[in-house]
Amino acid sequence: MRLGVNIDHIASIRQLRGGPEPEPVFAALIAQNAGSDSIVVHLREDRRHIKERDLFLLKEVVKIKLNLEMSIAPDIVEFALRLKPNRATLVPERRQEMTTEGGVDVRKDFKAIKKAAKKLNQNDIPVSLFIDPDKAQINHALEIPVKMVELHTGRYANAKTEEQKERALQQIKTVARYAKTKGFFVFAGHGLDYFNVDAIAKIEEIEELNIGYSIICRAAIVGLEEAILQMKHLING
Ligand code: PXP
C-alpha cells in the first residue's frame, strides 16, 4: 500500500499569519525522508493555501512523485500543463467548502472533464479522477478515458453510527473491486485517520491512500516524520 501525504495544511498554517513559515517544501522533504511515496497538493482556484511558487519549488526539489489535485478550471489546467506534475487528480471545487466535499460528477460534467483530461494526457500528465464510490461513476470514467480513480472515503470517515460506517465500507469495497475488474488503478482518500484507516488499508484492490489532515494534526504533536512513520505502520501492517 502506497502512502501519498497531502501537505495542504502546512500551507494552511502558514496562512494563519500570512508569513513565510512553515514552508511546504520543508514538509515535503521530511515526508520524502520518512518514506512517503508521493506528495499531494491542491492548488485551489482561490490559492488559499498552496501557491504556484510552492508547486514550482516542490517540482524542482522533491524526488518522489508529485500529485496535483486540481479542478478543471481553464487557468488551473493551463498551470498544470506548465508544471507537469507526475499525476493530476481532478477534484470538484467549491469556494466556500472547508475541504473537498465529494467526488467529481463524471456523468454531469462529462464533456468538461473529458476535455481537461485529454489536454493533460496529451501533455504526458496521467490523470486520476476523484469520485464517490459509485459504480455508475466508474462506468462514466471508462469513457473519459482515464486509468486511475481515487475513491472518496468521506462518507465512511464521517459516519455517525457503526451501521452507517459498515455500509459505507462495503460500498467502497464493492466499487474498488468493480473498478479493478474494469482495469483501473484504484486509490482512496479523504478523512482517513489513525483510527479508521485499518479497514480501508485491508481492501486488496486499493493500492494507494492519500492522507493529509490527520497526519498534519498528529505532526503538530509528535513531529511530521514520526506521524508519517506511524501511518505507514498502520497501512502496511
Ligand atoms: N485525496 C483527495 C483527492 C483530496 O482532495 C483530499 C483532501 O484534499 C485528500 C485525499 C486528503 O484528505 P484528508 O486531508 O481528509 O486526509
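Look above for the structure.
We now turn to the structure provided with this report.

**What about the layout of surface pockets?**
Considering only enclosed or pocket space, the largest pocket measures out at about 690 Å³ in volume. What lines the largest pocket is a set of 31 residues, among which His9, Thr99, His190, Gly191 and Tyr213 lie closest to the centre. Counting only elements with at least two residues in the lining of the largest pocket, the list comes to α1 (8-17), β2 (38-42), β8 (206-211) and α10 (213-222). Take the lining of the largest pocket: its biggest share by element is three residues, from α10. Of the residues in the lining of the largest pocket, the class split is 10 nonpolar, 14 polar and seven charged. Asp132, Pro133, His152, Gly154 and Arg155 are the residues nearest the centre of the second largest pocket, which is lined by 16 residues in total. Sorting the residues of the lining of the second largest pocket by element identifies α7 (154-157) and α8 (162-181) as the ones contributing at least two each. Here the element with the most residues in the lining of the second largest pocket is α8; it accounts for four residues. Across the lining of the second largest pocket, the residue classes break down as four nonpolar, seven polar and five charged.

**A few points about the site of the ligand**
Taken together, 12 residues sit near the ligand, with Glu69, Glu150, Gly191, Gly212 and Tyr213 positioned nearest. Between the ligand and Asn6, the relevant distance is 3.4 Å, taken from an oxygen atom to a side-chain nitrogen or oxygen of the residue. Glu150 has a polar side-chain atom sitting 2.5 Å from a nitrogen atom of the ligand. Protein contacts shield 95% of the accessible area of the ligand, which totals 400 Å² for the unbound molecule. Cavity membership is defined here by more than half of the atoms lying within 2 Å of grid points; on that basis the ligand lies in the largest pocket. Its residues assigned to classes, the shell around the ligand shows four nonpolar, six polar and two charged.

**Some remarks on the sheet that holds β2**
Around the barrel, which closes on itself, the eight strands sit in the order β1-β2-β3-β4-β5-β6-β7-β8 with parallel pairing between neighbours. Within the sheet, the average angular offset between the axes of one strand and its neighbour, ignoring direction, is 25°. Taken strand by strand, helix α3 (residues 52-61) contacts β2 and β3 (65-70), and its axis lies near 160° from that of β3. Across the sheet, helix α5 (residues 110-122) lies against β3, β4 (87-90) and β5 (127-131), angled at about 150° from β5, the strand it touches most.

**A few points about the pattern of salt bridges**
Scanning the entire structure with this criterion turns up 15 salt bridges. Across the salt bridge formed by Lys108 and Asp109, the nearest N and O atoms sit 3.8 Å from each other. For Lys108, a relative accessible area of 60% puts it in the exposed group. Between Glu207 and Lys180 there is a salt bridge, with the nearest N and O atoms lying 3.9 Å from each other. Taken together, the residues Glu207 in strand β8 and Lys180 in helix α8 connect sequence positions 27 residues apart.

**Brief notes about the nonpolar core**
If you look at the biggest cluster of nonpolar residues, it comprises 74 residues, and the most contacted ones within it are Leu55, Leu129, Ile200, Leu209 and Ile215. The greatest single-element share of this core, amounting to seven residues, is contributed by α8. Not counting residues up to four positions away in its chain, the partners in contact with Ile215 are Leu3, Val5, Tyr194, Leu224, Ala227, Ile228 and Met231.

**Details of the pairing of strand β7 (residues 185-189)**
Across the five residues of β7, four count as buried, placing the element largely inside the fold. Relative to β7, strand β6 (residues 148-152) runs parallel, the two sharing five bridges. Residue Met148 lies in a different strand from β7, and its bridge partner there is Phe185. Bridging between β7 and β8 involves four bridges; their strand directions are parallel. From the neighbouring strand, Phe187 faces β8, where its bridge partner is Glu208.

**Some thoughts on the packing of helix α6 (residues 135-142) against α8**
It is the contact of α6 with α8, at a shortest axis distance of 9 Å, that shows an interaxial angle of 20°. For the element pair α6 / α8, the angle class is roughly parallel. Regarding α6 and α8, the two cross each other, and that crossing is right-handed. In this structure, α6 uses Lys135, Ile138 and Asn139 to contact α8, whose residues at the interface are Thr174, Val175, Tyr178 and Ala179. Across the contact of α6 with α8, the residue classes break down as four nonpolar, two polar and one charged.

Calculation criteria
- Residues numbered from 1 in each chain as written.
- Predicted model: local features only at pLDDT ≥ 70, side-chain atom pairs only at ≥ 80, totals over all residues.
- Heavy atoms only, no water.
- 1 Å grid on protein atoms, 1.4 Å probe; cavity = no way out; pocket = protein on both sides within 12 Å on 5 of 7 lines; lining within 4 Å.
- Points joined across faces, edges and corners; volume = space filled by probe spheres on them.
- Helix = DSSP H or I, 4+ residues; strand = E, 2+ residues; numbered from the N terminus.
- Nonpolar A, V, L, I, M, F, W, Y, C, P; charged D, E, K, R; others polar.
- Near = heavy atom within 4 Å.
- Polar contact = N/O pair within 3.5 Å; in protein donor to acceptor, adjacent residues only side chain to side chain.
- Areas by Shrake-Rupley, 256 points an atom, 1.4 Å probe, with all protein chains shown as cover.
- Sits in = over half its atoms within 2 Å of the grid points.
- Pairing = 2+ DSSP bridges.
- Axes fitted to C-alpha atoms, helices over the stretch in contact; angles between N-to-C directions.
- Contact = heavy atoms within 4.5 Å.
- Salt bridge = Lys/Arg side-chain N within 4 Å of Asp/Glu carboxyl O.
- Buried < 20%, exposed > 50% of the residue type's maximum accessible area, 1.4 Å probe, protein only.
- Core = buried A, V, L, I, M, F, W, Y, C linked by side-chain atoms within 4.5 Å.
- Parallel < 35°, antiparallel > 145°, perpendicular 65-115°, else oblique.
- Left-handed = near helix turned anticlockwise from the far one by under 90°.

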